[in-house]
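Per-entry structural report
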Amino acid sequence: MWPSTAVINWSPIVNLIVQLYFQNTTICVLWPENELLNLETKISEYPFTIINIHPHRLDVDDVANEVQKFREKFLETNNLTLMLSVAIEKSHCESFLAFGNDILKFIESFENASRYSVWRSKINHFVFASSNRSLEACLERLRFFEDQPNILIISGDQINSEIFELKTNKFVGPRADCPGKLYLLDRFFANTSSFDFGVNLFPNKIANLQGREIIVPGMDYRPYLVINYVQDKYNSYDLVFGGAIEGNVQIDGTEARVILTFCEIFNCTVLIDSSEADDWGEVYSNLSGTGSLGMVAKGMADITVSAMYSWDTDYIYLDMSMYLVRSGITCLVPAPRRLASWILPLEPFQFTLWLAVLVYLFVEVISLALTYRFETRFVSAMNDSWPESLNFGIVTTLKLFVSQSGSKKVISQTVRVLLFTCFLNDLIITSIYGGGLASILTVPSYDEAADTLDRMWSHKLQWAANSEAWVSAIRNAEDDRINGILENFFIYSDEKLEQLASSPSNWGFTVERLPFGHFAIGDYLTTESINHLKIMQEDLYFQYTVAFTARCWPMLSAFDNLIYWWHSAGLDNYWEWRAVADNMNVQKQKQVEATLYSNIEDMGPVKLGMANFVGILLLWMLGITISFLVFLYEVLRDYVERKKRGE
């Protein structure tokens, strides 16, 4: 507990500040117990709302649900944190007043409450009133005073309570220069209700950050964020190297350029920290996390980019900017493969045409059997049986189908005309079949590639990536096709993915389709492996990338405004082409784009080889096998009959 101070009447200066700067806002006031404060809410023509918070007692209706929510997420909380969280979420407080010894309690509780609350603000203002000089010295060393620009300290004088010093934190400049240090803005004289200098008590510190560092997680994911370690022409530094010259880096990229431009305009310095930026990561409910997102949640970084999608699970605990680019998730899938040659004899006709041919042959058999039965009974008087007539129909039909003559002699004109008609029909069918087979033999046929969402689902194609971030946005999709393809999704290391891609395996690999015709391709996909892959015709899904920041990051509003101008000026188009040309394999980009139209190297006429006749040889072997089995059956049947006759 800090030493007690004399009672000071804060009402004149606080009322004036509220009327001048907090119009049309909601103000959360931590009412002091041993200080004199009377807020006049009706003297201003501009309305403002006051939310009363008493830090030493719980004064919130029905907080059981809030307490349970915090417990389920294993969040540290107390009465003040709970009340501030509810006030921010329900009443949308953006201005805060705290006094004396409650200031430290408020700062600690606000840092948690601002992250626990679902609602968040970009324009928070803080007014702290104290007459304790040693407390002010302690406040200067807090991280809160380094990170928030709109802080006003009202310093009262125990001897002369009519004079108030108005101070603010420096905020700008490198962290080594103590941006939390307080300096005098103005003085207020209560007896005359006047200021000494009449300056703005909440100056715009964002306009010139004077070299203040903006720390970005250093996950090299091209072309969004490119990190090249160089000895000269560097524009950033990797904090992992702790001052060594090896940490000099040249950063570039479609999204990194937005941050670099922001710092060019607002005079700040971009630094990267690659200590934990090995993945996109995730944020946990207890406000810890992994990867790049976890670094922001834990306060190790200010803002993170590199194809960060607008994940709602992370937005709960972080802030996000407006969209940067549209990014589509698609796959490089196995290219169409040449159809197996053993089914080649069936390829000239479609399935429905084969059914039509079979129906025609059946009708031909029945017609020949009926007409032959009519001839043998009424014309030639041979009186063959029905099985013999049916045998004639089957054998003659098969012979005509392969352009062979029959062995039976027919004398009726009906059978002769029918045989002539059937011969012409069979000749036409076999000629069409022969022409189709000849074209297939010289121009190879290929199967269907899984290059659409429906085909990928029906083919049950296995596909893989190196992180859960590739599919986290569609994990709870209601589309049966999406859920079906997710069953065949696997996460492997880059080494395993490179091994799968380099082998002729039936796997798909995720890539990102950028809005202006380029692709974000993993290093595990080489030029050689892309030769037997094909880009999908459509996206599995698409998302808008954003920049995730820590809660209450004061530069977010200015950063969003820059993005608006960025898109309006067409810089997103320009820097995508520039970043890809400067930092990526353009040949690989063209190679992937070309697979959209065709990725079949041996299209066109080819020399015939034995592989082209495998299917025909299989038919020949099938015929020989059936003939041999029939021969054995006839031999055995003749042997059995002779034995019965005693021969």
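Details of the structure are given in the entry above.
What counts, and where the lines are drawn
Residues numbered from 1 in each chain as written. Predicted model: local features only at pLDDT ≥ 70, side-chain atom pairs only at ≥ 80, totals over all residues. Heavy atoms only, no water. Helix = DSSP H or I, 4+ residues; strand = E, 2+ residues; numbered from the N terminus. Buried < 20%, exposed > 50% of the residue type's maximum accessible area, 1.4 Å probe, protein only. Contact = heavy atoms within 4.5 Å. Areas by Shrake-Rupley, 256 points an atom, 1.4 Å probe, with all protein chains shown as cover. Pairing = 2+ DSSP bridges. Expected span 1.5 Å × (residues − 1). Arc of directions from axis to C-beta. Disulfide = S-S within 2.5 Å. Axes fitted to C-alpha atoms, helices over the stretch in contact; angles between N-to-C directions. Parallel < 35°, antiparallel > 145°, perpendicular 65-115°, else oblique. Left-handed = near helix turned anticlockwise from the far one by under 90°. Nonpolar A, V, L, I, M, F, W, Y, C, P; charged D, E, K, R; others polar. Salt bridge = Lys/Arg side-chain N within 4 Å of Asp/Glu carboxyl O. Phe/Tyr/Trp six-rings, centres within 6.5 Å; stacked < 30°, edge-to-face > 60°. Patch = residues over 30% accessible without salt bridge, like charges linked within 9 Å, V, L, I, M, F, W, Y side chains within 5 Å. Lys, Arg positive; Asp, Glu negative; His and termini not counted. Charge placed at Lys NZ, Arg CZ, Asp CG, Glu CD.

1. Side note on the overall build of the protein
- On a plain count of helices and strands, the protein comes out with 20 helices and 24 strands.
- Split into buried and exposed, the 647 residues of the protein put 47% on the buried side.
- Considering only contacts within the protein whose residues lie at least 6 apart along the sequence, 73% involve residues at least 24 apart.
- Carbon and sulfur atoms provide 57% of the accessible area of the protein, an area that totals close to 32,500 Å².

2. Describing the sheet that holds strand β12 (residues 248-252)
- Here three strands make up an open sheet; going across it, the order is β10-β12-β11 and the pairing antiparallel. With partners counted over all chains shown, the strands left at the sheet margins are β10 (226-229) and β11 (236-237), one partner each.
- Note: β10 against β12, four bridges, orientation antiparallel. Across the sheet, residue Y229 finds its bridge partner in β12, namely V249.

3. Some thoughts on helix α18 (residues 571-583)
- In a regular helix each residue adds 1.5 Å, so 13 residues correspond to 18 Å; α18 covers 17 Å between its end C-alpha atoms and thus fits that length.
- Every buried residue of α18 is listed here: D572, W575, E576, A579, V580 and N583. Angular distribution of buried residues about the axis of α18 spans 130°; they occupy a single face of the element.
- Contact partners of the buried residues in α18: β10, β12, α7 (256-266), α17 (556-568) and α19 (586-594).

4. Focus on the state of the cysteines
- The tally for this structure, following the rule as stated, stands at two disulfides.
- Here C263 connects covalently by a disulfide to C268, the sulfurs 2.1 Å from one another. Across the S-S bond of C263 and C268 the torsion is about -100°, and the bridge reads as left-handed. Accessibility classification places C263 together with C268 in one group, the buried group.
- Taken in N- to C-terminal order, the disulfide-linked cysteines of the protein are connected 1-2, 3-4.

5. Quick look at helix α12 (residues 413-442)
- Relative to the 44 Å expected for 30 residues at 1.5 Å per residue, α12 spans 43 Å between its end C-alpha atoms, a close match to the ideal helical length.
- Of all the positions in α12, only V415, L418, L419, C422, D426, I429, G436, L437, I440 and L441 are classed as buried.

6. Section: the packing of helix α3 (residues 79-91) against helix α4 (residues 102-116)
- Across the interface, α3 lies against α4 with an axial gap of 8 Å and an inter-helix angle of 50°. The angle between the axes of α3 and α4 places the two elements in the oblique class. The element α3 and its partner α4 pack so that their crossing is right-handed. Note on element contacts: α4 touches α3 through K105, F106, S109, F110, N112, A113, S114 and Y116, opposite L80, T81, L84, S85 and I88.
- Of the residues in the contact of α3 with α4, the class split is seven nonpolar, five polar and one charged.

7. Section: the pattern of salt bridges
- Applying the stated criterion to the full structure yields 24 salt bridges.
- Among the ionic pairs, R257 bridges to D252, the shortest N-O distance being 3.1 Å.
- With a shortest N-O distance of 2.8 Å, R513 and D539 are connected by a salt bridge. With R513 in strand β21 (residues 507-513) and D539 in the loop between β23 (533-535) and β24 (541-549), this pair connects stretches of sequence that are 26 residues apart.

8. Notes on the sheet that holds strand β7 (residues 182-189)
- Ordered in space as β2-β1-β3-β4-β5-β6-β7-β8, the eight strands form an open sheet in which the pairing is mixed. Looking at which strands have only one partner, the edges of the open sheet turn out to be β2 (49-53) and β8 (194-195).
- Pairing of strand β4 (residues 125-130) with strand β5 (residues 151-156), which is carried by five bridges, proceeds in the parallel orientation. Bridging from a neighbouring strand, V127 pairs with L152 of β5.
- Relative to the sheet, helix α1 (residues 11-21) contacts β1 (26-30), β3 (95-99), β4, β5, β6 (163-169), β7 and β8, its axis offset from that of β5 by approximately 160°.

9. Thoughts on the packing of aromatic side chains
- Taken as a whole and judged by the stated rule, the model has 40 aromatic pairs.
- When the centroid spacing of 6.0 Å and the interplanar angle of 80° are considered together, the rings of W280 and W470 count as edge-to-face. Placement of the pair is W280 in the loop between β13 (268-273) and β14 (282-283) and W470 in the loop between β19 (462-465) and α14 (480-486), with a sequence separation of 190 residues. Note on accessibility: W280 and W470 belong to one class, buried.
- Between the aromatic rings of Y323 and Y544, the centroid separation amounts to 5.2 Å while the plane-to-plane angle is 65°, which identifies the pairing as edge-to-face. Linking Y323 in the loop between β17 (319-320) and β18 (326-334) with Y544 in strand β24, this pair joins segments that are 221 residues apart in sequence.
- Residue Y323 is classed as partly exposed on the basis of its relative accessible area, which comes to 35%.
- A network of ring pairs unites the aromatic residues F96, F106, F110, F126, F128, F144 and F145 as a single cluster.

10. Regarding a negative patch on the surface
- On the surface, D494, E495, E498 and D523 cluster together to form a negatively charged patch.
- By secondary structure assignment, the location of E495 is in helix α15 (residues 494-502).

11. Quick look at the packing of helix α11 (residues 386-401) against α12
- Contact pair α11 / α12: the axes reach a minimum separation of 8 Å and the direction vectors enclose 45°. In terms of axis orientation, α11 runs oblique to α12. The handedness of the crossing between α11 and α12 is right-handed. Residue-level contacts link T396, T397, L400 and F401 of α11 to L419, C422, F423, D426, I429 and T430 of α12.

12. Overview of a nonpolar patch on the surface
- A surface patch of nonpolar side chains, amounting to about 910 Å² of accessible area, comprises V359, F362, V363, I366, L370, W386, L390, I394, V395 and L398.
- Elements with a contribution of two residues or more to the nonpolar patch: α10 (351-378) and α11.
- With respect to the secondary-structure elements, L370 resides in helix α10.
- Of the residues examined, L370 reaches a relative accessible area of 47% and is grouped as partly exposed.

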